[in-house]
Every structure is written in C-alpha cells, then in structure tokens.
Amino acid sequence: KAVLDRIEAVEPRVDAYLTVSKEEAMEAAQKADKALAQGETAPLCGIPIAIKDVMCTKGVLTSCASKILGNFVPPYDATSITKLKEAGAVLVGKTNMDEFAMGSSTENSAFKTTKNPWDLTRTPGGSSGGSAAAVAADMCLGAFGSDTGGSIRQPGSHCSVVGLKPTYGRVSRYGLVAFASSLDQIGPFAKTVEDAAILLQAVAGYDPSDSTSVNVEVPDYSAAIQEDVKGMRIGMPKEYFEMGGLTPDVKNSVDQAIKTMESQGVEVMEVSLPHSKYCVAVYYVIAPAEASSNLARYDGVKYGMREERDSLIDMYHATRSSGFGPEVQRRIIIGTYALSAGYYDAYYGKASQVRTLIMEDYKKAFEQCDAIVSPVAPTPAFKLGENTDDPLTMYLSDIFTLSANLAGVCGVSVPCGFSSEGLPIGLQLQGSHFQEEKILRLGHHFQ
Ligand code: GLN
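Definitions and cut-offs
- Residues numbered from 1 in each chain as written.
- Predicted model: local features only at pLDDT ≥ 70, side-chain atom pairs only at ≥ 80, totals over all residues.
- Helix = DSSP H or I, 4+ residues; strand = E, 2+ residues; numbered from the N terminus.
- Rg over C-alpha atoms; globule rule 2.2 N^0.38 Å.
- Buried ≥ 20, exposed ≤ 12 C-beta atoms within 10 Å, placed from the backbone.
- Contact = placed C-beta atoms within 7 Å.
- Near = placed C-beta within 6 Å.
- Nonpolar A, V, L, I, M, F, W, Y, C, P; charged D, E, K, R; others polar.
- Axes fitted to C-alpha atoms, helices over the stretch in contact; angles between N-to-C directions.
- Parallel < 35°, antiparallel > 145°, perpendicular 65-115°, else oblique.
- UniProt positions renumbered as here; feature names shortened; annotations may be inferred.
- Pairing = 2+ DSSP bridges.
- Core = buried A, V, L, I, M, F, W, Y, C linked by C-beta atoms within 7 Å.
- Expected span 1.5 Å × (residues − 1).
- Arc of directions from axis to C-beta.

Concerning the overall build of the chain
The number of helices and strands found in the chain is 16 helices and eleven strands. A compact globule built from 447 residues would reach a C-alpha radius of gyration of about 22 Å, and the chain, at 21 Å, matches this within 12%. A principal-axis box enclosing the C-alpha atoms of the chain has dimensions of 70 × 65 × 45 Å. Counting the 447 residues in the chain, one finds 56% classified as buried. Across the chain, the fraction of contacts at a sequence separation of at least 24, relative to all contacts at a separation of at least 6, is 75%.

In structure tokens form, the structure reads like this:
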C-alpha cells in the first residue's frame with residue numbers, strides 16, 4: 001500500500017511505469033500477509049518489485065515500449081517472473097524503457113519519457129531507466145532490467161542505485177524479449193548491494209528452457225558477500241582512464257572509491273585491456289546484426305499490431321514502418337547491412353574476431369585480479385533531449401559497459417558519489433564468469 005501510494009504521489013513527475021498492476025499487487029500483498037502470519041519464509045514474501053517491460057508477464061501487457069507490441073499480452077511468464085512469484089514477490093508493475101532496450105536514456109520509448117528522480121530535467125539513463133528511477137524514487141523496493149550493453153549498470157549509476165548484470169548464462173533469458181541474444185542478460189536493481197544479492201539469488205540458475213543458461217552451482221550470495229575483502233585484488237584498466245570523455249567529477253569519485261577500497265585492505269593494481277578501444281565499434285555491429293534477425297518476427301502476423309493492406313508485402317511494410325520507432329529502424333538497417341552478402345566478412349565476421357580478442361583481454365586480466373574497477377559512464381546523467389539527435393554521442397556513452405557483455409562477464413554498478421551539480425556517479429566492478437559473489441562482496445564492503 002505504501003508503495004502504491006508513493007507511485008500515486010511521484011509517478012506523475014517521474015513517469016517510471018508503463019503499467020501499474022494495482023489490484024493484482026494488492027491481492028498478492030494480502031496473500032503474502034496471510035502467508036507471513038502463518039510462518040511463510042519465502043525469501044521475497046511480500047516484497048514489491050517492478051519489472052522492465054521487456055520481460056514477459058502472463059496476462060500483463062508487455063510492450064517493450066514499442067508501438068508494434070502495444071497490445072501484446074503474453075500467455076506465459078518469463079522464467080525469472082515465475083521464480084520471483086515462487087519467491088513470494090509482489091509484482092507492482094512494468095517499467096518504461098528504450099524501445100526494445102535500444103538506447104541509453106529511455107528517451108526511445110514510444111510511450112513516455114522517464115525523468116531522473118535526482119533532477120527531473122535529466123534522463124535516468126537507459127535502457128532500463130524506468131526500473132532504475134522506480135527504485136531511486138521508492139516506487140518499489142527492487143526492480144529487474146535487462147543489460148545488453150550497459151542497460152542495467154548505466155541507469156543504476158545515473159540514479160544512484162545498485163545495478164547488477166550477471167554473467168551471460170547465470171539467469172535464464174526465457175521470456176525475455178530478445179534484442180541481441182548473445183549479449184542480453186536479466187539482472188536486479190536495488191538500493192543496496194545486499195538487496196541486489198538477494199534478488200539475484202531468486203532468479204539465478206539453470207533453466208532447460210534457455211539453452212544458453214549454464215548449469216553451474218548458485219552460491220549463497222548473501223553469505224558470500226559478508227566475507228572479508230582483505231587481500232582481494234582489483235585491477236584498474238589503464239586504457240579506461242585514457243579513453244576520452246571522462247569528466248573530472250567522475251574521475252575524482254572513482255579515484256576516491258578506489259582509495260576507500262585500498263583502506264579496507266584491497267590490493268590495487270594496474271591491468272591492461274588493450275582492445276577496449278574497439279568495444280563500441282564491435283558492439284554496434286554485433287548488437288544491431290542480432291537485433292535485425294531477432295526483430296524479423298514482428299511482421300504483423302504473429303504478434304502485436306498490424307496495419308491492414310491489400311497485399312502481404314504492403315502489410316509487412318506498413319506494419320514495420322509505423323510500428324518501429326526511428327532508433328529501432330536504424331539498428332535494423334545497420335544490422336541487415338552488416339550481415340548482407342559481400343559485407344558479412346568485413347563487418348560481422350571482423351567484429352566477431354575482435355570480440356574474441358576482447359574476451360582474451362579479460363581472461364588475462366582476471367588471472368591477475370579478482371575484479372576490474374572503473375567508472376560506469378564517462379559523465380553523470382545528461383539533460384533530456386541533449387543527445388537525441390546525435391546517436392553517435394549516445395553510443396559513445398556506453399564505452400565502459402559494452403565490453404562486459406561482449407565478453408559475457410558480470411558487472412555491478414555501485415553508487416560512489418555525486419558531481420558538483422549533485423548528480424549521482426557510479427563505480428563499476430566487473431568480475432570473471434560466475435564470480436558475482438566477488439564483485440558483490442567488494443561492492444557490499446565499499447557501500
Ligand atoms: N545503450 C546500449 C544500446 O543502445 C545498450 C542497451 C542495452 O544494454 N540494452 O544498445
């Protein structure tokens with residue numbers, strides 16, 4: 001009730017939600033009250049959680065913030081949703097996002113523009129901006145998003161909340177609407193690292209319905225993060241601090257955070273990720289290529305909206321032209337071009353080779369250290385509208401987050417300070433495959 005009241009009070013200014021499931025949430029909460037009174041111990045019993053509108057929720061609109069799915073009500077739950085329900089969570093609603101998770105500011109939503117609760121003239125980041133803003137503004141106690149190139153970590157950083165991208169394969173993608181299948185991962189937002197660990201616990205694990213989920217044991221994250229950090233090693237990638245665009249405020253906050261960790265007995269060292277300068281170029285070939293293939297299914301026949309026309313081809317054309325927004329169309333065109341005969345080797349093939357080099361960089365770095373420390377984004381949240389006409393600047397803002405997805409490693413964004421204008425700044429800790437407990441442990445002791 002408190003969360004629903006809070007939504008009523010601040011949602012008109014923040015616009016974090018696309019759907020608020022008032023009745024269903026109250027019903028689930030009442031059930032949880034009864035269960036708790038009878039001694040129920042499910043880990044999330046009664047906890048109000050928000051879900052990015054890219055995860056399928058049975059009977060609840062799942063639009064991906066796109067006109068083309070504007071009427072899509074899934075007949076099934078994503079595995080993560082099933083697991084959250086089993087853990088007792090109360091699902092309060094679906095949050096705004098960039099259309100099909102393509103963007104870094106949530107401004108690419110076809111329906112509304114989410115504002116950053118810390119400064120309503122700025123973006124909350126993206127693409128999971130609605131989830132990050134909902135947690136920051138206390139419109140839920142935790143939320144879930146998807147991260148294909150930074151879409152959990154970057155909005156987490158801009159809204160001063162914790163955002164975790166698990167290792168590729170840690171959380172089932174079944175029921176997550178696909179953007180770039182080799183990069184997408186579901187992960188939690190929370191106020192604290194400890195809460196993020198509890199939320200990860202609820203959704204992590206092998207799922208036979210997702211052939212890329214991995215059957216490795218899920219540790220007890222809440223227990224693991226309590227262990228001491230003394231003697232752990234963090235690596236500063238020298239290339240990150242040389243790459244352009246890092247504002248002095250961000251650099252100072254991250255330097256300060258590293259000093260704090262050092263004072264806790266963490267050993268700091270320099271590492272090298274020599275191919276990181278190619279990550280933006282590689283990502284913006286691979287992600288659109290996969291997206292162009294994944295989005296071929298929206299043809300006006302099987303799902304969502306249809307523009308009726310006399311011939312099938314005209315119907316496809318009209319449906320896709322009016323159903324997809326400009327950024328999604330741009331990605332489909334880039335991706336189709338990169339995959340086309342004659343260009344495949346030069347673009348997609350080359351990008352895949354460089355991706356392997358980026359993975360090898362990480363492998364070498366993680367032989368030396370437990371986690372890689374860096375900023376999440378080069379600048380704090382930018383003004384609404386500031387970059388909307390400049391896709392390239394928008395793409396460059398992902399410079400520190402994209403490579404974790406290309407390599408499949410995990411990463412967490414932990415609030416680490418504020419700029420002189422009072423805007424949140426985040427610290428990124430990246431860990432090797434299935435080493436979430438290490439970055440969560442470091443983040444927990446730091447926070
Ligand atoms: N900003 C990146 C993009 O536009 C990443 C998005 C994401 O992680 N979903 O593709």
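And the narrative resumes.
Remarks on the site of the ligand
In the region of the ligand, 13 residues are neighbours, and Ala101, Ser104, Thr148, Gly149 and Ser151 sit closest. For the shell around the ligand, a count of residues per class yields four nonpolar, seven polar and two charged.

Overview of the packing of helix 10 (residues 279–294) against helix 12 (residues 326–339)
It is the contact of helix 10 with helix 12, at a shortest axis distance of 7 Å, that shows an interaxial angle of 100 degrees. By the angle class used here, helix 10 and helix 12 are roughly perpendicular. Facing Val285, Pro288, Ala289, Ala291 and Ser292 of helix 10, the residues of helix 12 in contact are Arg331, Ile332, Ile334, Gly335, Thr336, Ala338 and Leu339.

Quick word on unusual backbone geometry
Omega for the bond connecting glycine 126 with serine 127 falls within 30 degrees of zero, at 10 degrees, which places this linkage in the cis form. Mapped onto the fold, serine 127 is located in the loop between strand 3 (90–95) and helix 4 (129–136). If you check the backbone angles, cysteine 64 has positive phi at about 55 degrees while not being a glycine. For cysteine 64, the location among the structural elements is in the loop between strand 2 (48–52) and helix 3 (79–86). Owing to 29 C-beta atoms within 10 Å, cysteine 64 belongs among the buried residues under this scheme. Positioned with a positive phi, alanine 65 is a non-glycine residue whose angle comes to about 55 degrees.

A look at the UniProt feature "active site" (unreviewed entry) in the chain
Within this structure's numbering, the places UniProt gives as "active site" (unreviewed entry) are Lys52, Ser127 and Ser151. Spanning 100 residues, the named residues nonetheless gather at one spot, since no C-alpha pair among them exceeds 10.9 Å. Sequence-distant contacts of serine 127, defined by excluding residues within four places in its chain, comprise Met97, Asp98, Ala101, Met102, Gly103, Ser104, Thr106 and Ser151. Mapped onto the secondary structure, serine 151 falls in the loop between strand 4 (142–147) and helix 5 (153–158). Setting aside its immediate chain neighbours within four residues, serine 151 contacts Ala101, Gly126, Ser127, Ser128, Gly145 and Ser146.

Regarding the pairing of strand 6 (residues 185–190)
With respect to burial, strand 6 is a largely interior element, six of its six residues being buried. Examined bridge by bridge, strand 5 (residues 162–165) and strand 6 share two bridges and lie antiparallel to one another. In the strand pairing of strand 6, glycine 163 is matched with phenylalanine 189.

Structural notes on the nonpolar core
In terms of nonpolar packing, the biggest core is built from 130 residues, with Ile49, Ala134 and Cys140 touching the most fellow members. It is helix 10 that contributes the most residues to this core, nine residues altogether. What alanine 134 contacts, discounting residues up to four positions off in sequence, is Ala16, Tyr17, Ala50, Thr95, Met139, Cys140 and Ala143.

Considering helix 9 (residues 248–263)
Between the first and last C-alpha of helix 9 there are 22 Å, a value that for 16 residues agrees with the 22 Å anticipated at 1.5 Å per step. The set of residues buried in helix 9 consists of Val250, Ser253, Val254, Ala257 and Met261. Here the buried residues of helix 9 occupy an arc of 95 degrees about the axis, which is enough to place them on one side. Pointing more than 90 degrees away from the buried face of helix 9 are the exposed residues Pro248, Lys259, Glu262 and Ser263.

Details of the sheet that holds strand 8 (residues 267–271)
Strand order in the open sheet formed by eleven strands is 1-3-2-4-6-5-10-11-9-7-8, with mixed pairing between adjacent strands. Lying at the two open borders of the sheet, with one neighbouring strand each, are strand 1 (17–20) and strand 8. Averaged over all pairs of adjacent strands, the angle between their axes in this sheet comes to 30 degrees, without regard to strand direction. Alignment of strand 7 (residues 233–237) against strand 9 (residues 371–375), held across two bridges, turns out to be parallel. By the bridge assignment, glycine 235 is partnered in strand 9 with isoleucine 372. Together, strand 4, strand 5, strand 6 and strand 10 (410–418) form the strand contacts of helix 6 (residues 193–203), whose direction differs from that of strand 6 by roughly 145 degrees.

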